[in-house]
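The chain contents come next:
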Amino acid sequence: MKKIIKYSLIFTIFFSLSYSVNANDKIYKLETLYEGLDMPWDIDFLPNGDFLVSELTGNLKIYNPSLKKIITVTNVPSVLARSQGGLSDVELHPDFELNNLIYLSYSIKTKEGNTLQVSRAKLHENNLIDIETIHTAQAFRKTSAHYGARLLFLDDNTLLISSGDGFNHREKAQELDNHFGKILRINDDGSIPSDNPIFKRDNALKDIFTYGHRNQQGLTKDINGLIYSHEHGPKGGDELNIIYPGLNYGWPAITYGIDYSGSIISPFNKKEGMEQPIKYWTPSIALSDMTFYYSDLFPEWYGNLFISALSPGDVRRLVIKDNKVVSEEIMFKEINSRIRSIKSSKNGNLIILTDGRGKKNSGKIIKVSPNNL
Amino acid sequence: MYLIKLFFSLLLAFIFSAILTSFFILFQNTIWNIFWLKTQGFDISFVVLVDSLLHDLRGGLSPILIQWGIPINMYGVIFIALFFGYFLTAIIRLIIPINSMFSYGFAGFASVYGIIFYTKMTFDGIVLISSARQLMGLLIFCLIGFFGGIIFNQLKEFFLKVQIYEKNN
């Protein structure tokens with residue numbers, strides 16, 4: 001009996017010490033900068049240090065981190081805020097300091113059905129002026145799901161737009177006469193670049209950059225300009241892809257997931273002529289956004305890819321070498337919420353958005369900064 | 001005793017017809033997906049086809065929605081829809097003398113259509129069963145329900161005759 005008590009005591013002391021060490025060895029700390037957003041979807045950083053935040057419900061807001069105040073931008077285009085649709089991505093033009101242009105992606109209702117639209121406008125004193133629609137996706141649907149809606153400016157100032165498969169129209173991702181399940185590339189004024197990929201099919205739309213996607217909510221590029229995209233799989237099969245122009249990414253002909261009903265979508269996950277992901281997740285983790293990290297604030301994270309996830313809600317830190325994922329770390333589980341976006345700010349902090357779905361006005365902006373400051 | 005036997009006869013008729021309907025619905029969905037892959041240039045061997053069919057029969061057991069806190073799979077959805085359809089038809093037939101075979105056939109047709117309608121209402125227009133997203137697929141889907149209803153009626157009539165014969169003898 002005495003021996004049992006003795007060993008129990010030793011074990012308890014050892015476990016407590018161990019826990020104490022682990023609890024303090026995180027190199028980062030989390031700070032909630034703001035709480036009260038209504039289903040925030042994306043964030044970008046203004047040159048003056050303010051955050052520009054889009055809410056799926058249709059609002060565009062500017063958050064001042066110094067004053068901890070939020071202002072609603074006026075004259076935002078009206079959107080179809082229903083189910084997965086609404087105001088989605090917000091991107092500053094690469095030359096924003098010269099032209100004050102911001103780009104918005106959102107879902108709209110038209111006579112032909114719901115679809116994705118991209119507009120640009122000048123941000124002038126918390127108001128949008130000179131609003132111009134530059135692209136309307138040829139992907140009309142009755143549902144309000146799978147819009148994709150991610151925007152990315154490339155180094156040549158052309159704009160990539162992810163357009164999802166509309167859920168009910170998944171087979172059209174393999175056809176080139178529509179925008180379902182495609183990544184599109186346009187000039188910053190909406191015109192079509194002359195160096196877009198040329199497809200062998202006569203009816204191929206000229207703004208298609210890649211095809212065979214499902215619902216791509218992640219688009220980013222690394223320091224060398226290599227484009228990465230991630231997309232939601234069905235039941236399993238979320239994918240991370242490296243994007244090359246003109247290629248077919250296989251959905252729904254090849255997939256690592258199955259249908260929500262339990263049926264196969266395809267018994268195949270490989271086919272010649274269709275690209276393989278560099279990583280996939282089964283079960284699904286609901287990838288929502290991603291960013292490469294290139295700051296010295298966290299030197300151990302330099303060059304890593306951070307991917308935010310909605311289900312159950314965490315961030316995946318991927319180490320990528322020679323276009324392959326060599327390791328994955330699950331981070332920020334302690335946030336305990338659906339994570340909608342992750343971005344690297346200019347001063348090296350990571351900024352996270354939680355969407356607070358299910359509880360109105362509970363979306364947060366969270367800062368990830370070093371623990372020693 | 002007679003009533004208990006009658007109840008179990010009806011239950012057997014329902015279960016058998018519902019299982020048959022479920023199998024054919026799942027088969028139809030598999031064949032629809034496989035047919036589309038063939039049009040995309042995939043080589044579909046007999047082994048791949050059988051493997052896919054078996055996968056989908058098993059896949060029908062995994063939950064697709066949670067209703068009243070209870071996880072329900074594809075078989076459950078079909079069973080529940082058919083039960084309500086047949087039950088309603090039985091009530092209507094007490095009041096209006098409609099031909100038994102066609103009324104249960106129509107009940108099966110409407111029940112299966114009701115599954116699609118319900119998922120569209122619940123998931124904002126999304127049709128969870130891929131083969132039912134196009135008109136032809138939806139029609140085949142509902143016709144399977146129609147024939148399932150006819151099978152239920154024929155089994156029900158057969159078991160009723162057996163019960164009556166046993167009772168009289």
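Note: the structure precedes this text.
The notes below deal with the structure included here.

Rules used in this analysis
Residues numbered from 1 in each chain as written. Chains lettered and ligands numbered in written order. Predicted model: local features only at pLDDT ≥ 70, side-chain atom pairs only at ≥ 80, totals over all residues. Heavy atoms only, no water. Salt bridge = Lys/Arg side-chain N within 4 Å of Asp/Glu carboxyl O. Helix = DSSP H or I, 4+ residues; strand = E, 2+ residues; numbered from the N terminus. Buried < 20%, exposed > 50% of the residue type's maximum accessible area, 1.4 Å probe, protein only. Contact = heavy atoms within 4.5 Å. Buried area = accessible area lost by both parts, 1.4 Å probe. Polar contact = N/O pair within 3.5 Å; in protein donor to acceptor, adjacent residues only side chain to side chain. Nonpolar A, V, L, I, M, F, W, Y, C, P; charged D, E, K, R; others polar. Pairing = 2+ DSSP bridges. Axes fitted to C-alpha atoms, helices over the stretch in contact; angles between N-to-C directions.

Focus on the pattern of salt bridges
Residues and elements named next belong to chain A.
Alright, step 1. Tallied over the full model, the rule gives 24 salt bridges over all chains.
Alright, step 2. A salt bridge links Lys-26 to Glu-334, with the shortest nitrogen-to-oxygen separation between them at 3.3 Å. With Lys-26 in the loop between α1 (2-24) and β1 (28-37) and Glu-334 in the loop between β21 (324-331) and β22 (339-344), this pair connects stretches of sequence that are 308 residues apart.
Alright, step 3. Glu-334 sits in the partly exposed class, given a relative accessible area of 39%.

Focus on the interface of chain A and chain B
Alright, step 1. Taken residue by residue, the interface counts 27 residues in chain A and 28 residues in chain B.
Alright, step 2. Here chain A and chain B share an interface that buries about 2200 Å² over both sides, 59% of which is from carbon and sulfur atoms.
Alright, step 3. Interface area lost by chain A to chain B is led by A:Ser261, A:Ile264 and A:Phe268, which between them contribute 25%.
Alright, step 4. Here chain A is connected to chain B by 1 salt bridge.
Alright, step 5. Linking chain A with chain B are 9 residue pairs in polar contact (both at pLDDT 80 or more), by the criterion used here.
Alright, step 6. Grouping the constituent residues of the side of chain A that touches chain B by class yields 12 nonpolar, 9 polar and 6 charged.

Regarding the sheet that holds strand β24 (residues 363-370) of chain A
Residues and elements named next belong to chain A.
Alright, step 1. Spatially, 4 strands are ordered β1-β24-β23-β22 in an open sheet, and the strand pairing comes out antiparallel. Only two strands of the sheet have a single partner each, and these edge strands are β1 and β22. Across this sheet, the average inter-strand angle for adjacent strands is 20 degrees, counted without regard to direction.
Alright, step 2. Alignment of strand β23 (residues 350-354) against β24, held across 5 bridges, turns out to be antiparallel. Within β24, the position partnered with Leu-350 by the bridge is Val-368.

Regarding the side chain of A:Asn215
All names here are of chain A.
Alright, step 1. Its location among the elements puts Asn-215 in strand β14 (residues 215-221).
Alright, step 2. A polar atom in the side chain of Asn-215 sits 3.0 Å from the backbone nitrogen of Gly-148.
Alright, step 3. Sequence-distant contacts of Asn-215, that is, excluding residues within four places in its chain, are made with Gln-84, His-146, Tyr-147, Gly-148, Gly-164, His-230, Glu-231 and His-232.

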